[in-house]
Amino acid sequence: MRYSVAAGRALGALGAVSRGVARVSLATSSRVLQPVVAADTDTVGCRRFRSTSTGYNELARERAKTVTSFYNQSAIDVCAEKPSVRLTPTTMLYSGKSPDGSHVLSSAKYLQMELPVRIAHRVKGFRSLPFIIGCNPTILQVHELYIRAYHMLSDFPPITDLEAEGRYCKLVRQLLDDHKDVVTMLAEGFRESRKHIQDEALIRNFLDTTLTSRLGIRMLATHHIALHEDNPDFVGIICTRLSPKKIIEKWVDFARRLCEHQYGCSPRVRINGHVAARFPFIPLPLDYILPELLKNAMRATMESHLDTPHNAPDLVVTIANNDIDFVIRISDRGGGIPHSILDKVLDYHFTTAEESNQDPRMSNLFGIITNNGPQSGPMHGFGFGLPTSVAYAEYLGGSLTVQSMQGIGTDVYLRLRHIDGKGESFRI
């Protein structure tokens with residue numbers, strides 16, 4: 001039996017305050033995802049780790065990190081001072097595809113410069129949290145995920161040919177998978193730390209910035225990966241002829257299945273307005289936002305008609321398209337949002353599904369199913385769905401507003417700008 005003496009000394013030196021925090025697994029990338037360590041306790045109460053894999057030295061180094069080491073990363077400090085270079089969707093769209101693959105190489109070189117900068121900004125954001133919140137084990141895991149991602153990307157050699165690009169693409173896919181549960185982990189971490197939250201505005205700003213930055217990073221990374229695919233209707237992640245009606249229908253079917261699982265039936269949905277509209281847009285953010293809005297509308301409708309579930313009123317989704325933007329309105333007859341909580345429905349609530357108004361079975365099932373998809377991450381069941389959707393809409397240069405008629409129902413308006421280059425567009 002071999003033990004990491006370095007790990008024991010490092011953790012022991014941290015002291016009683018951070019011993020419990022430091023016990024969290026600090027090796028969450030796919031290289032060390034499996035729990036291949038056994039823990040023992042020495043005479044001073046700190047934990048030493050024994051590796052059962054061939055990567056003993058690497059594991060020992062990674063697990064010897066202490067909380068304070070998260071705040072002492074000079075390379076990240078330097079990188080965090082650099083500005084990010086944000087692209088418009090129009091630039092991404094008209095970069096097009098080249099027969100010799102040079103567009104893929106250019107995209108990879110841009111990512112290699114840009115991703116470490118954006119990730120360094122996020123690490124800086126975690127350091128700005130009140131220390132007692134930043135020491136929460138779950139939040140610390142996310143913090144460490146970003147630190148690891150920074151070093152893995154920064155250590156990659158310069159991309160000079162398509163072979164190197166292929167290896168880089170594999171690394172990016174790995175990191176996307178490593179970070180797929182970040183939203184849920186943040187929700188759990190802040191719920192666990194809620195008694196320590198004194199400045200809610202600071203936390204909201206942190207979450208808005210972190211979640212929208214995460215969306216932007218995932219969009220850029222997924223776009224690069226998608227450039228390898230041969231899809232006539234897509235340039236990367238941009239659909240050149242997106243049909244709002246079709247994407248709404250996809251998520252209507254999805255939300256109805258969840259509703260039927262929970263209530264035994266579901267309201268019908270009518271789609272009207274500019275149903276034939278087609279234009280260039282990025283489906284990925286819609287795949288985050290639409291399921292949340294439809295799920296909320298269906299749940300409100302069914303819970304306000306529990307005595308007559310098979311006669312629940314229809315939901316109406318209206319599409320309005322113009323030269324500047326497009327609007328999706330979701331109207332339900334679910335009784336509206338009470339005056340007492342109307343101002344709070346778009347706030348982050350650090351509660352479990354069981355403690356909130358959301359039914360835990362429906363929320364958990366929704367999280368499980370969306371987590372299996374390529375684009376939709378679990379942002380539901382912790383009071384994160386609506387505020388995250390608002391942050392995403394605003395990041396995309398649009399808005400998400402709620403109009404409630406108490407006693408009747410609620411209208412939600414999702415407004416997003418076009419990306420065809422005719423007007424000012426958002427930057428990713």
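Up top is the structure.
A. Quick look at the overall build of the chain. Across its full length, the chain holds 16 helices and ten strands. Sorting the 428 residues of the chain into buried and exposed places 53% on the buried side. Accessible surface, the chain: about 19700 Å² in total, of which carbon and sulfur atoms supply 51%.

B. Here's a closer look at the sheet that holds strand S4 (residues 238–242). Spatially, three strands are ordered S3-S4-S6 in an open sheet, and the strand pairing comes out antiparallel. Strand pairing shows two members of the sheet lacking a second neighbour, strand S3 (234–235) and strand S6 (279–281), which therefore form its edges. Running at roughly 80 degrees to S4, helix H13 (residues 283–303) makes contact with S3, S4 and S6 of the sheet.

C. Summary view of the sheet that holds strand S7 (residues 315–321). Taken in spatial order, the five strands make up an open sheet running S5-S7-S8-S10-S9, and their pairing is mixed. For this open sheet the edge positions go to strand S5 (269–273) and strand S9 (399–405), each flanked by a neighbour on one side alone. Looking at each pair of strands side by side, their axes are set apart by 15 degrees on average, direction ignored. Pairing analysis gives seven bridges linking S9 to strand S10 (residues 409–417), with the strands arranged antiparallel. Along S10, the bridge assignment pairs Thr401 with Tyr413. Across the face of the sheet, H13 comes into contact with S5, S7, strand S8 (325–332), S9 and S10 while running at roughly 20 degrees to S8.

D. Broad picture of the packing of helix H6 (residues 102–127) against helix H11 (residues 200–226). The interhelical angle for the contact between H6 and H11, taken along N-to-C directions, is 165 degrees, at an axis separation of 10 Å. For the element pair H6 / H11, the angle class is roughly antiparallel. Remark: the crossing between H6 and H11 carries left-handed chirality. Mapping the contact onto sequence places Val104, Ser107, Ala108, Tyr110, Leu111, Leu115, Arg118, Ile119, Arg122, Gly125 and Phe126 in H6 and Phe206, Thr209, Thr210, Ser213, Gly216, Ile217, Leu220, Ala221 and His224 in H11. Tallied by class, the residues present in the contact of H6 with H11 amount to eleven nonpolar, seven polar and two charged.

E. Molecular detail of the pattern of salt bridges. Under the counting rule described, the total for this entry stands at 13 salt bridges. With a closest N to O distance of 2.7 Å, Glu114 and Arg118 form a salt bridge. You can see Glu114 and its partner Arg118 sitting in helix H6, four residues apart, about one turn around the helix. As far as the burial class goes, Glu114 and Arg118 line up, both buried. A salt bridge links Asp208 to Arg204, with the nearest nitrogen and oxygen atoms 3.6 Å apart. With Asp208 and Arg204 both in helix H11 and four residues apart, the pair spans about one turn of that helix. Classification of Arg204 by relative accessible area gives partly exposed; the value is 27%. Linked through salt bridges whose partners overlap, the residues forming this network are Arg204, Asp208 and Asp347.

F. Region of the structure containing the nonpolar core. Ranked by size, the top nonpolar core spans 111 residues in total, and within it Phe190, Phe281, Leu400 and Leu414 carry the most contacts. Ranked by residue count, the leading element in this core is H11, at eleven residues. Among residues more than four places away in sequence, those in contact with Leu414 are Leu286, Ile289, Leu290, Phe326, Val327, Ile328, Ala393, Ser399 and Leu400.

G. Seen up close, the packing of aromatic side chains. One pass over the structure, following the stated rule, counts nine aromatic pairs. Ring geometry for Phe126 against Tyr146: centres 5.7 Å apart, planes inclined by 40 degrees, an arrangement best described as tilted. Here Phe126, found in helix H6, pairs with Tyr146, found in helix H8 (residues 137–154); they are 20 residues apart in sequence, far enough to count as distant. As far as burial versus exposure is concerned, Phe126 and Tyr146 are alike and both buried. On the numbers, 5.1 Å between centres and 85 degrees between planes, the contact of Phe281 with Phe326 is edge-to-face. One end of the pair, Phe281, is in strand S6; the other, Phe326, is in strand S8, and 45 residues separate them in sequence. Phe326 matches Phe281 in its accessibility class, with the two residues each being buried. Through pairs of rings, three or more aromatic residues link up here, namely Phe126, Tyr146, Phe190 and Phe206.

Each value, and the rule that gives it
Residues numbered from 1 in each chain as written. Predicted model: local features only at pLDDT ≥ 70, side-chain atom pairs only at ≥ 80, totals over all residues. Heavy atoms only, no water. Helix = DSSP H or I, 4+ residues; strand = E, 2+ residues; numbered from the N terminus. Buried < 20%, exposed > 50% of the residue type's maximum accessible area, 1.4 Å probe, protein only. Areas by Shrake-Rupley, 256 points an atom, 1.4 Å probe, with all protein chains shown as cover. Pairing = 2+ DSSP bridges. Contact = heavy atoms within 4.5 Å. Axes fitted to C-alpha atoms, helices over the stretch in contact; angles between N-to-C directions. Parallel < 35°, antiparallel > 145°, perpendicular 65-115°, else oblique. Left-handed = near helix turned anticlockwise from the far one by under 90°. Nonpolar A, V, L, I, M, F, W, Y, C, P; charged D, E, K, R; others polar. Salt bridge = Lys/Arg side-chain N within 4 Å of Asp/Glu carboxyl O. Core = buried A, V, L, I, M, F, W, Y, C linked by side-chain atoms within 4.5 Å. Phe/Tyr/Trp six-rings, centres within 6.5 Å; stacked < 30°, edge-to-face > 60°.

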